[in-house]
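# Tertiary structure, described
Below are the chains, spelled out letter by letter.
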Amino acid sequence: MRYGIISDIHSNLEALNAALESIQDVDVLLCPGDVVGYGPNPNECCELLREKQVVTILGNHDAAVIGSMPLDWFNPYARAAVEWTRDQLSPENHAYLEGLPLTHRSEHFIMVHGSLSSPELFDYITTPWDARPTFVEMPACAVCFIGHTHIAEFYSRKSGETWADQIGMAAGGTIDLKPGFLYIVNCGSVGQPRDFNPNAGVGVYDTEAAMVEIRRLEYPVSVTQEKMQDAGLPEPLWERLEYGA
Ligand code: ZN
């Protein structure tokens, strides 16, 4: 099986289109959360995911938009974008987000937005220490796809050991999945990268080749920025897109 991973799309239609164009050679598309929030095209992004039957889980921004997470967890810019998104979202897309689960498990992978120990708390994994509770929840020799930090990287841990390696993947590249190891993989963010690479981050997981490829894709950032400006979304949110920060 070949899976395409498109996480943290954040209503960025230009980045999502670039992602979908790049990963046509897959059997199933996966989205580890945050379809909406920050960007200018929440309805279009929801509709594309529904149309392409992307296997999607709930992110913290999706949860905030549908009212299942308090807004005081967000900084003022993110909160303004959540409120703007609420006003824009069609009833059908609101219902779609409401139907998303917090995790997804299959024979080949697990998917969670933040951390597997308490998916509803959306804890961040930014260090090997943070990764420990998620590794504990994983069966042997499994892969867990996460999102949330918008940083392309992975954590690997040998079965039975307690410490993990953390490897940055901001420039893209491939991860060889070795037998006897567990992997937590963040393919980066499609719509708002924060690893100082402004190009959209996507992943391709090939189960037969036991490999995850992370690709970074150029997209017309200025088009998204103009739409955000026209929508009155906060300046720091569209400014950051060109720096990937
Ligand atoms: Zn996000």
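For the structure given in this document, a descriptive report is provided here. Computed from a predicted model, the values in this text were never measured in an experiment.

## Notes on the overall build of the chain
Helix and strand content of the chain: eight helices and 12 strands. At 17 Å, the chain has a C-alpha radius of gyration in line with the 18 Å of a compact globule built from 245 residues. With the principal axes as the frame, the chain shows a C-alpha extent of 50 × 35 × 30 Å. For the chain, the residues scored as buried account for 57% of the 245 residues in total. Once local pairs closer than 6 in sequence are excluded, the contacts in the chain between residues at least 24 apart make up 71%. Measuring between centres, the 15 positive side-chain charges of the chain sit 6 Å from its 34 negative side-chain charges.

## Considering the side chain of Asn-12
The topology assignment puts Asn-12 in the loop between strand E1 (2–5) and helix H1 (13–22). Within the structure, the side chain of Asn-12 is placed 3.1 Å from the side chain of Tyr-219, a separation counted as a polar contact. Non-local contacts of Asn-12, meaning those with residues more than four positions away in its chain, are made with Cys-45, Gly-191, Tyr-219, Thr-224 and Leu-241.

## Considering the nonpolar core
Judged by nonpolar contacts, the single largest core of 49 residues is most densely connected at Ile-6, Ile-9, Leu-16, Val-35, Leu-49, Leu-97 and Val-190. It is H1 that contributes the most residues to this core, six residues altogether. Formed by 20 residues, the second largest nonpolar core is a distinct cluster that contains Ile-57, Ala-152, Met-169 and Tyr-205.

## Some points on H1
The buried fraction of H1 amounts to seven of the 10 residues, a majority that puts the element mostly inside the structure. Three or more residues of H1 are buried, namely Leu-13, Glu-14, Ala-15, Leu-16, Ala-18, Ala-19 and Leu-20. The N-capping residue of H1, defined by a side-chain oxygen 3.4 Å from the backbone nitrogen of Glu-14, is Asn-12.

## Notes on the coordination of the zinc ion
Protein-derived coordination of the zinc ion comes from Asp-8 (OD), His-10 (NE2), Asp-34 (OD) and His-150 (NE2), at a distance range of 2.1 to 2.2 Å. One can describe the site at the zinc ion as irregular: its four donor atoms subtend angles covering 87 to 177° at the metal. Ordering the donors of the zinc ion by residue number gives the pattern D-x1-H-x23-D-x115-H. The same class applies to Asp-8 as to His-10, namely buried.

## Side note on the sheet that holds strand E12 (residues 211–217)
Strand order across the open sheet formed by six strands is E3-E2-E1-E11-E12-E9, with mixed pairing between neighbours. Since the sheet does not close on itself, it has two edges, and those belong to strand E3 (55–56) and strand E9 (173–176), each with one partner. Across two bridges, the pairing between strand E2 (residues 28–31) and E3 is parallel. Bridge pairing links Cys-31 to Thr-56 in E3. Running over the sheet, H1 touches E2, strand E11 (200–206) and E12 and is turned about 135° from E12.

## A look at a negative patch on the surface
Taken together, the side chains of Glu-44, Glu-47, Glu-51 and Glu-92 present a region of like negative charge at the surface. Looking at the negative patch, the element that brings in the most residues is helix H2 (residues 42–51), giving three residues.

## Observations concerning the environment of Ile-214
Of note, Ile-214 is situated in strand E12. Sequence separation of Ile-214 and Gly-188 is 26 residues, and the distance between their C-alpha atoms is 8.3 Å. Discounting residues that sit within four places of it in the chain, Ile-214 has contacts with Ala-152, Met-169, Gly-172, Gly-173, Ile-175, Val-185, Asn-186, Cys-187, Val-202 and Gly-203.

## Comments concerning helix H6 (residues 128–137)
Within H6, burial applies to Pro-128, Ala-131, Thr-134 and Phe-135. On an axial view of H6, the arc spanned by its buried residues comes to 105°, and they lie on one face. Along H6, exposed side chains directed more than 90 degrees from the buried face belong to Trp-129 and Val-136. Of the surrounding elements, those touching the buried residues of H6 are strand E6 (143–146), strand E7 (153–158), strand E8 (165–168) and strand E10 (181–186).

The rules behind the values
- Residues numbered from 1 in each chain as written.
- Predicted model: local features only at pLDDT ≥ 70, side-chain atom pairs only at ≥ 80, totals over all residues.
- Heavy atoms only, no water.
- Helix = DSSP H or I, 4+ residues; strand = E, 2+ residues; numbered from the N terminus.
- Rg over C-alpha atoms; globule rule 2.2 N^0.38 Å.
- Buried < 20%, exposed > 50% of the residue type's maximum accessible area, 1.4 Å probe, protein only.
- Contact = heavy atoms within 4.5 Å.
- Lys, Arg positive; Asp, Glu negative; His and termini not counted.
- Charge placed at Lys NZ, Arg CZ, Asp CG, Glu CD.
- Polar contact = N/O pair within 3.5 Å; in protein donor to acceptor, adjacent residues only side chain to side chain.
- Core = buried A, V, L, I, M, F, W, Y, C linked by side-chain atoms within 4.5 Å.
- Donors = N, O, S within 2.8 Å, 3.2 Å for Na, K, Ca; no water.
- Tetrahedral: all angles 85-135°; square planar, octahedral: opposite > 155°, others 65-115°.
- Pairing = 2+ DSSP bridges.
- Axes fitted to C-alpha atoms, helices over the stretch in contact; angles between N-to-C directions.
- Patch = residues over 30% accessible without salt bridge, like charges linked within 9 Å, V, L, I, M, F, W, Y side chains within 5 Å.
- Areas by Shrake-Rupley, 256 points an atom, 1.4 Å probe, with all protein chains shown as cover.
- Salt bridge = Lys/Arg side-chain N within 4 Å of Asp/Glu carboxyl O.
- Arc of directions from axis to C-beta.

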